[in-house]
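# Residue-level structural notes
Residues per chain are reported as follows:
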Amino acid sequence: MLEIRADRIRREVVALAASGAGVTQVHERAIELVEQTVCSDLTCWAMIDPESLSISSMTSGRNRIPQEYEPLLAESEYGGSDPATFADLACTGRGVARASDLPVDEVARSLRHSSVWRPLGLPREVRVIFRVDGTCWGGAGFVRSGPDFSDRDVEFLALVAPGLAAATRAAAVHAPATQPPDDQGPAVVLTSATGDPLSFTSAARTWRDRVEEVAHGRMTVVLRAATFGARSSSSGMFRARIRDAHGGWILVRATAMLGGDEPQTVVTFESAGGSDLTGLLLAAYGLTAREREICSDVVAGYATSDIAQRRAITANTVQDHLKSVYAKTGVRSRAELAARLRFGPATEPAGAGSPQVRRAE
């Protein structure tokens, strides 16, 4: 019975993604369907950037997390000490994590459990990662006040996750072409050790408005995530691509400042496009590692003979790989492929260029 129910959900959300729906639309419908089997008081679903494993978008169920707790959740995800973060689950290969199965001392020290779920009276939690072809594309968290999530709940989430991943991956390429704000100079925010903004450039205030279109208070969450992401990183840097209210992409970067009396972080905002999205598109189309290399060479302008020499393969093999790439991306020439990878499929008919959706059905 669970397998049949999971398969029905997979088919519906995959078809929705194939029709041209964006990630938010796909997740909103999936929440409605999954909640019929796995009940919760609060649920929040994320698209996860497969390269940086940072959260790109968040979609809530019928109830929203109180706004004052959202920055704490961002800190718990990127602070480097909480158990079963989405990035941790993606890296370790775990598919589903129930809080009651984690070490008791880890849950007790967890920021999100001690400072968010416990004060809200929601001690039960389960998280699931959406992974397909070995790549993480999203995840969802469920919390509730009643009985713990059952083994049946955990089994169902594991069954439905691959279909949700395929739909999320397909929806990721449906991004409209958006115009960046008028050039007002660098969009820079200086944040404190706690991720609170200390100062904004004029351009950053414009970007704040764009980020806040998604939900009031989102800028605070993004700044907290970027600050703790940079400070917990061994490189001292953080990079994420997040979605705006219209499905476009924003590139957020953060760097921990050195020296000074108090820890500070510089966070910048700019439109993501072209090379910023190439890796995402290559992954979303389900290309192999070799096909991705050849696509990168095509975008760089290399001829077939040059690609063959660079990759130590024959020209015929290059052409065979390109034929496979054309089939997966829905293009017919190198020029169309280069344009697709630079600008995405925003102007195409719904479902075009998303054969990975059809393979998942």
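Placed above this text is the structure.
Here we summarise the structure given alongside this text.

What counts, and at which threshold
- Sequence order as written defines residue numbering, which begins from 1 separately in each chain.
- pLDDT decides what is reported in this predicted model: residues at 70 or higher carry local features, side-chain atom pairs at 80 or more are listed and counted, and totals for whole chains, interfaces and linings draw on all residues regardless.
- Only hydrogens and water are set aside when side-chain values are computed; all heavy atoms of the structure are taken into account.
- Type-normalised accessible area, obtained with a 1.4 Å probe on protein chains alone, sets the label of each residue: buried when under 20%, exposed when over 50%, and partly exposed for intermediate values.
- Helix and strand definitions follow DSSP, with helices as H or I runs of at least four residues and strands as E runs of at least two, each counted in order from the N terminus.
- The directions from the helix axis to the C-beta atoms are what the arc is built from.
- Axes here mean lines fitted to C-alpha atoms, for a helix over just the part in contact, with angles spanning 0 to 180 degrees between N-to-C directions.
- An angle below 35 degrees is treated as roughly parallel, one above 145 as roughly antiparallel, one from 65 to 115 as roughly perpendicular, and anything else as oblique.
- It only takes one pair of heavy atoms within 4.5 Å for two residues to be counted as in contact.
- Amino acids outside the nonpolar list (Ala, Val, Leu, Ile, Met, Phe, Trp, Tyr, Cys, Pro) and the charged list (Asp, Glu, Lys, Arg) are all regarded as polar, and Gly is one of them.

## What about helix H12 (residues 304–311)?
Within H12 the residues assigned to the buried category are Thr304, Ile307 and Ala308. All buried residues of H12 lie within an arc of 100° about the axis, which places them on one face of the element. Positive backbone phi, approximately 60°, marks Ala312, located one or two places after H12.

## Describing unusual backbone geometry
If you check the backbone angles, Ala84 has positive phi at about 55° while not being a glycine. The backbone of Asp133 shows a phi angle near 55°, a positive value even though the residue is not glycine.

## Some words on the packing of H12 against helix H13 (residues 315–329)
Between two packed helices, both the angle of their axes relative to each other and the distance between the axes serve to describe the pair. Orientation of H12 relative to H13, taken along the N-to-C sense of each, is 105°, at an axis distance of 8 Å. Here H12 is positioned roughly perpendicular relative to H13, judged by the angle of their axes. Here Thr304, Ile307 and Ala308 of H12 lie close against H13, whose contacting residues are Ala315, Val318 and Gln319. When grouped by side-chain class, the residues that make up the contact of H12 with H13 number 4 nonpolar, 2 polar and no charged.

## Here we look at the environment of Leu251
Mapping Leu251 onto the fold places it in strand E9 (residues 249–256). We classify Leu251 as buried; its relative accessible area is 2%. In contact with Leu251, not counting residues within four places along its chain, are Arg239, Ala240, Arg241, Thr268, Phe269, Glu270, Ser271, Ala272 and Asp276.

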